[in-house]
There are 2 protein chains.
Amino acid sequence: MKKNDGERPLLLLSNDDGFAARGLNFLIDVLEPTCDLIVVAPDAPRSGASCAFTCAQPLTYRKVAQRPHVSIYACSGTPVDCVKMGLNLLCRERRPDMVVAGVNHGDNASVNTHYSGTMGVAREGALQGIPAIAFSLCDYSAEADFEPLRPYVAELVDRTLAAGLPPMTCLNVNFPGGRKTFEGVRLCRMGLSRWQNEVEPRRHPYGRDYYWLAGESVNLEPDAPDTDRRALEEGWVAVTPTSLDVTDYSLLESLRATF
Amino acid sequence: MKKNDGERPLLLLSNDDGFAARGLNFLIDVLEPTCDLIVVAPDAPRSGASCAFTCAQPLTYRKVAQRPHVSIYACSGTPVDCVKMGLNLLCRERRPDMVVAGVNHGDNASVNTHYSGTMGVAREGALQGIPAIAFSLCDYSAEADFEPLRPYVAELVDRTLAAGLPPMTCLNVNFPGGRKTFEGVRLCRMGLSRWQNEVEPRRHPYGRDYYWLAGESVNLEPDAPDTDRRALEEGWVAVTPTSLDVTDYSLLESLRATF
């Protein structure tokens, strides 16, 4: 993972589960031997933060660890805030070669990509013109085993450092949960699904109603062979190339006929 | 704006500036004469919320106004939370014909689409299979004049109610600020831009550092004729068809050659 000049590549890491999360510390463990790492992660979990950024409150950050090739900071903001703080305050003298997010504790495939703070990190990197990957493990358990991901994470980062990515794109990488090995890497598209029954009512001891967002995801195209969801179901590492240009060019053409 | 059966259409409205915002109340004023409206909006401003949803805290809501064709609720959550609460709690007997967001106080064109809570509302509608439009006025002043938008908002809602939108799409509509009239409607693509110098340091009275996210947006393709940014600069209402399928199919094809 050396660059042409023999220098270690510089990677900016973040996540949405917070600086103490096992998934992030696994990612650091995979990359620390070969890369310089600046880690700026939320000071507590920020799941479901999407590309949210903080404009109505000020932000703070503090260094929580320093080793020869790794600096770790905890930030008061969202995942996107962390990337912005990292790039503007901590990477001013040396622009990162890549932004890497995760490893998320949970599934960011299909429409979850829109809600994911992990993908928020990757999207922010891509919006800043930096190649970016988000890694997620489809396993929410505290004992989730990240070790089987190691060679895939290392290879996908290595490939992306070598080949780059086109402007305004990033990679959304999801690993199926509960496995010791994977079938391999499958390139796929974002599958269509829909969340339903998302609001669960509860009653406060004083009688007031409150609500939890929860729900279940329904696969809208269970028979499609080329979705990220199908890849995960069949034990593959799902790599979904993701665009930051969200123009719907097909709809743009069809609407031109009516305006 | 009658449906085939003569019934008023049902619209679910939200925004990211909060239920008391002038832009939302202008939108209600435009649509109330012809539609049934359920409004579920944040109880305070939530700018920059993107598609964030709330999973670590419970949500609450309360009714703040009731008129013959309008119910208005204030919700403790994000814009996306508001749509989820509306659909799951308040629209269970009658599915909305459309989700309408805004009118936002500020610019949601170009890459701002990724950060926008207003677009979060529209994207959530589209993810639930409901035609959705986000309206934004590129004017942050408290005295911004929304009145010139009236015929365009009415017509775009009317057209969309009549024609629908393809699955997994929505419309991002931006109005140039500071104008009494517009050149008309221009269909366009999302322009590429980049935020820079985004972090401004400050010093707390007790000596601690804190930071505000701010910055300026740089147009990366100022000469392109077909972007939303160009349309706005030239006084047009910019309508950007937006896809919820964020797969980059071009990158998917090119990566197939290497994996």
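Since the model is a prediction, treat every value here as computed from it, not as a measurement.

J.: Talk me through the interface of chain B and chain A; I want residue IDs and the actual numbers.
T.: In this assembly, 69 residues from chain B lie in contact with 70 residues from chain A. The interface formed by chain B and chain A holds two salt bridges in total. A:Lys84 is the salt-bridge partner of B:Glu198, the closest N and O atoms lying 2.6 Å from each other. At the junction of chain B with chain A, the criterion picks out 33 residue pairs in polar contact (both at pLDDT 80 or more). The greatest single-element share of the side of chain B that touches chain A, amounting to six residues, is contributed by helix α2 (residues 79–90) of chain B.

J.: Run through the relation of the copies chain B and chain A, naming residues and quoting values.
T.: The transform that puts chain B on chain A rotates by 180 degrees and translates by 0.0 Å along the axis, for an RMSD of 0.0 Å. Such a combination of rotation and displacement between the chain copies is what one expects of a two-fold axis. Taken as a fraction of all interface residues of chain B, those also at the interface in chain A reach 100%, which identifies the copy contact as same-surface.

J.: Go over the pairing of strand β10 (residues 199–203) of chain B, please, and point to the residues and values.
T.: Residues and elements named next belong to chain B. Direction of pairing for β10 relative to strand β11 (residues 209–213): antiparallel, over a ladder of five bridges. Residue pairing for β11: Pro201 is matched across the bridge by Tyr211. Between the end of β10 and the start of β11, which pair antiparallel, lie five residues, with Gly207 showing a positive phi angle near 100 degrees.

J.: Would you mind going over the sheet that holds strand β1 (residues 10–14) of chain A in detail, with residue names and values included?
T.: Residue and element names in this part refer to chain A. Taking strand neighbours across the sheet as the criterion, the nine strands line up as β3-β4-β2-β1-β5-β6-β7-β13-β8 in an open arrangement whose pairing is mixed. With partners counted over all chains shown, the strands left at the sheet margins are β3 (61–67) and β8 (185–187), one partner each. Averaged over neighbouring strand pairs, the angle between their axes works out to 20 degrees when direction is ignored. When strand β6 (residues 132–138) meets strand β7 (residues 169–176), the two strands line up parallel, connected through six bridges. In the sheet register, Leu137 faces β7, and the bridge partner there is Phe175.

Definitions and cut-offs
Residues numbered from 1 in each chain as written. Chains lettered and ligands numbered in written order. Predicted model: local features only at pLDDT ≥ 70, side-chain atom pairs only at ≥ 80, totals over all residues. Heavy atoms only, no water. Contact = heavy atoms within 4.5 Å. Salt bridge = Lys/Arg side-chain N within 4 Å of Asp/Glu carboxyl O. Polar contact = N/O pair within 3.5 Å; in protein donor to acceptor, adjacent residues only side chain to side chain. Helix = DSSP H or I, 4+ residues; strand = E, 2+ residues; numbered from the N terminus. Least-squares fit on C-alpha atoms with pLDDT ≥ 70 in both. Pairing = 2+ DSSP bridges. Axes fitted to C-alpha atoms, helices over the stretch in contact; angles between N-to-C directions.

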